[in-house]
Amino acid sequence: MATILVISFTDLNRDPRVRRQIEALRAHHAVIATGTDDPGFPNVQFMGCERPRQNIQGKTVTALLMLTHCYDAYYWNLLPVVDLDKKLKGIRCDLAIANDIESLPLALKVAQGSPVIFDAHEYAPLEFEDRWQWRWIFASYAYDMCGRFMEKAAAITTVCEGIANRYSTEFGLRTDVITNAPHFHDLPVRPTNESTIRLIHHGAAIGSRRIELMIELMEFLDDRFSLDLVLMPGKPEYIQQLKRRARGKGKIRFLDPIPMNQLVAFSAQYDIGLFLLPPTNFNYEMALPNKFFEFLQARVAVAIGPSPEMAKIVREFSCGVVAEDFDPVTLARALNQLTAADIDLMKAGSNRAAQAYTAENNAEKLRELVASVLKKS
């Protein structure tokens, strides 16, 4: 049994990917986990860290450090880094897992020569490329971090093949894929009512995701369709803007957030999981998110735009509709053509996909990767 340090700067109660890492390893190894909030896992030592925060003065200093390329000075003064750098002194681990690029330098320091697995999650050098402020201030920092520290990791993982290929091409490093699939749910395939077709979208209310396009979609769907939006709080003004847009646009409801561990069971009462995500940045272009796999586990059909990573699975398992573009009219045209029998066939495809894409399968892959890295160290 090895001692494994899982480093994250996130709330572990709301970060399903990191939670699944801990769940996969804690029965086989001694796990120490970091984050802003304690997930309460039995037999896991938790070490909390400060949340990142800045006032106007701090943002000004940050901009100056970024623009003058003083990246190390910026990094080693980040609140969670400073906090964990102190708390992890004296900790000995056989292997560390660094989640996201900003935890990687700290993980390499704390590991003291023990191997580090870097879970990049998404593609850091283009994380918020759709925001000019990020491109101006942080883009070169993110690229520098990847260029200097990724090659020191014993193994690298990310969420999908498109992002893995970009890391491999850009930095010349092998990158493995561990998807965001949730745990397997043994749920039935529920027949579709021809006259009442229920759509659901759930997730964070982030403006760059253009959730208003899914609201606009409802203008072009026939009377069979309704849409429930289950949005995690983001910017309150954005949610209010969405609610204003939804007025008079068909049968649209805004529901209260659902606990993360209940999303699959809740979604199973619907017919189609909806996610029309324009490629406003590279990570959105390559999106293969938790909600997509949660729709599959809920045994509902999936309706998406031509997002390549999601589309590949939808086409392989015939589990939904892939529009030709990201125009709501195009997706509406495809949905209006569906019969209840068509949707039932897609739900059967989701049932097949739900067997293939599970956290259990990913856990075994992660354990094998950990064993391989430990064996080489």
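Computed from a prediction, not measured in an experiment: that's the story for all the values here.

**Student:** Help me out: how do you make sense of the sheet that holds strand β6 (residues 155-158) in this one?
**Tutor:** Across a sheet, paired strands are connected by hydrogen bonds in the backbone, their directions being either parallel or antiparallel. Taking strand neighbours across the sheet as the criterion, the 7 strands line up as β3-β2-β1-β4-β5-β6-β7 in an open arrangement whose pairing is parallel. Unpaired on one side and paired on the other, β3 (44-48) and β7 (176-177) mark the two borders of the sheet. Pairing between strand β1 (residues 3-7) and strand β4 (residues 95-99): 4 bridges, direction parallel. The residue bridging Ile-4 from the neighbouring strand is Leu-95, located in β4. Relative to the sheet, helix α4 (residues 79-87) contacts β2 (30-35) and β3, its axis offset from that of β3 by approximately 130°.

**Student:** What am I meant to see in the sheet that holds strand β8 (residues 197-204) here?
**Tutor:** Taken in spatial order, the 6 strands line up as β10-β9-β8-β11-β12-β13 in an open sheet, and their pairing is parallel. Each edge of the open sheet carries a strand with a single partner, namely β10 (252-255) and β13 (320-322). When the angles between neighbouring strand axes are averaged without regard to direction, this sheet yields 25°. In this sheet, strand β12 (residues 301-304) lies alongside strand β11 (residues 272-275) in parallel orientation, the contact comprising 4 bridges. Paired with Leu-274 across the strands is Ala-303, a residue of β12.

**Student:** Got a minute to help me understand the packing of aromatic side chains in this structure?
**Tutor:** For any pair of aromatic rings, the description consists of the separation of the ring centres together with the inter-plane angle of the planes. One pass over the full model with this rule turns up 14 aromatic pairs. Seen from their ring centres, Phe-128 and Trp-134 are 6.3 Å apart, and the 80° between their planes marks the pair as edge-to-face. Here Phe-128 falls in the partly exposed class, since its relative accessible area comes to 28%. Linked through ring pairs, Tyr-123, Tyr-143, Tyr-167, Phe-171 and Phe-282 together constitute an aromatic cluster. A cation sits over an aromatic face here: Arg-166 above Phe-282, 4.8 Å from the ring centre. Over the face of the ring belonging to Phe-275 we find Lys-291, whose NZ or CZ atom lies 4.5 Å from the ring centre.

**Student:** Help me understand the side chain of Asp-271, please; the structure alone is not making it clear to me.
**Tutor:** Relative to the assigned elements, Asp-271 resides in the loop between α11 (263-267) and β11. Here Arg-190 takes part through its side chain, which lies 3.0 Å from a polar atom of the side chain of Asp-271. The residues touching Asp-271, leaving out its near neighbours within four places in the chain, are Arg-190, Pro-191, Thr-192, Thr-196, Ile-197, Arg-198, Val-300, Ala-301, Ile-343 and Lys-347.

**Student:** Where do I start with helix α16 (residues 340-356) in this structure?
**Tutor:** Side chains three or four residues apart in an α-helix point the same way, a direct result of the helix having 3.6 residues per turn. Between its terminal C-alpha atoms α16 stretches 25 Å, which fits the 24 Å expected from 17 residues at 1.5 Å a residue. Turning to α16, its buried residues number three or more, namely Ala-340, Ile-343, Met-346, Lys-347, Gly-349, Ser-350, Ala-353 and Ala-354. Across the axial projection of α16, the buried residues extend over an arc of 165°, all falling on one side. The exposed residues of α16 that point more than 90 degrees off its buried face are Ala-341 and Leu-345. Buried residues along α16 sit against β8, β11, α13 (290-297), β12, α14 (308-317) and β13.

**Student:** What is the right way to look at the nonpolar core in this model?
**Tutor:** For soluble globular proteins, the rule of thumb is that nonpolar side chains tend to be buried together. Formed by 109 residues in total, the largest nonpolar core has its most connected members in Met-150, Leu-199, Ile-272 and Leu-335. Once residues within four sequence positions are removed from consideration, Leu-199 is found in contact with Leu-217, Leu-221, Phe-225, Ser-226, Leu-227, Asp-228, Tyr-270, Ile-272, Leu-274 and Leu-335.

**Student:** What's the story with the packing of helix α1 (residues 16-26) against helix α17 (residues 359-376) in this structure? I'm lost.
**Tutor:** Pairs of packed helices are described in terms of their axes, by the angle between the two and the distance that separates them. Axis separation between α1 and α17 bottoms out at 9 Å; the angle between their running directions is 65°. By the angle class used here, α1 and α17 are roughly perpendicular. The interaxial crossing formed by α1 with α17 has right-handed handedness. Residues Arg-20, Gln-21, Ala-24 and Leu-25 of α1 touch α17, and the partners they reach there are Ala-359, Ala-363, Leu-366, Arg-367 and Val-370. Within the contact of α1 with α17, the residues separate by chemical class into 6 nonpolar, 1 polar and 2 charged.

**Student:** Explain the pairing of β10 here, please?
**Tutor:** In the case of a regular strand, side chains alternate between the two sheet surfaces. Summarising the sheet, strand β9 (residues 225-232) and β10 pair through 4 bridges and their orientation is parallel. What sits directly across from Val-230, in β10, is Leu-255. Between β9 and its parallel partner β10, the chain crosses via helix α10 (residues 236-246), and the hand of that crossover is right-handed.

**Student:** What is the right way to look at the side chain of Ser-226 in this model?
**Tutor:** By the secondary structure assignment, Ser-226 is in strand β9. For Ser-226, a relative accessible area of 18% puts it in the buried group. Non-local contacts of Ser-226, meaning those with residues more than four positions away in its chain, are made with Ile-197, Arg-198, Leu-199, Met-218 and Lys-251.

**Student:** When you look at the packing of α13 against α14 in this model, what are you seeing that I'm missing?
**Tutor:** Here α13 crosses α14 at 15°, and the two axes come no closer than 11 Å. With respect to their mutual orientation, α13 and α14 come out roughly parallel. Between α13 and α14 lies a crossing of right-handed hand. Mapping the contact onto sequence places Phe-292, Phe-293 and Leu-296 in α13 and Met-310, Ile-313 and Val-314 in α14. Classifying every residue of the contact of α13 with α14 gives 6 nonpolar, no polar and no charged.

Calculation notes
Residues numbered from 1 in each chain as written. Predicted model: local features only at pLDDT ≥ 70, side-chain atom pairs only at ≥ 80, totals over all residues. Heavy atoms only, no water. Pairing = 2+ DSSP bridges. Helix = DSSP H or I, 4+ residues; strand = E, 2+ residues; numbered from the N terminus. Contact = heavy atoms within 4.5 Å. Axes fitted to C-alpha atoms, helices over the stretch in contact; angles between N-to-C directions. Phe/Tyr/Trp six-rings, centres within 6.5 Å; stacked < 30°, edge-to-face > 60°. Buried < 20%, exposed > 50% of the residue type's maximum accessible area, 1.4 Å probe, protein only. Lys NZ or Arg CZ within 6 Å of the ring centre and 35° of its normal. Polar contact = N/O pair within 3.5 Å; in protein donor to acceptor, adjacent residues only side chain to side chain. Expected span 1.5 Å × (residues − 1). Arc of directions from axis to C-beta. Core = buried A, V, L, I, M, F, W, Y, C linked by side-chain atoms within 4.5 Å. Parallel < 35°, antiparallel > 145°, perpendicular 65-115°, else oblique. Left-handed = near helix turned anticlockwise from the far one by under 90°. Nonpolar A, V, L, I, M, F, W, Y, C, P; charged D, E, K, R; others polar. Right-handed = clockwise from strand over helix to strand, strands pointing away.

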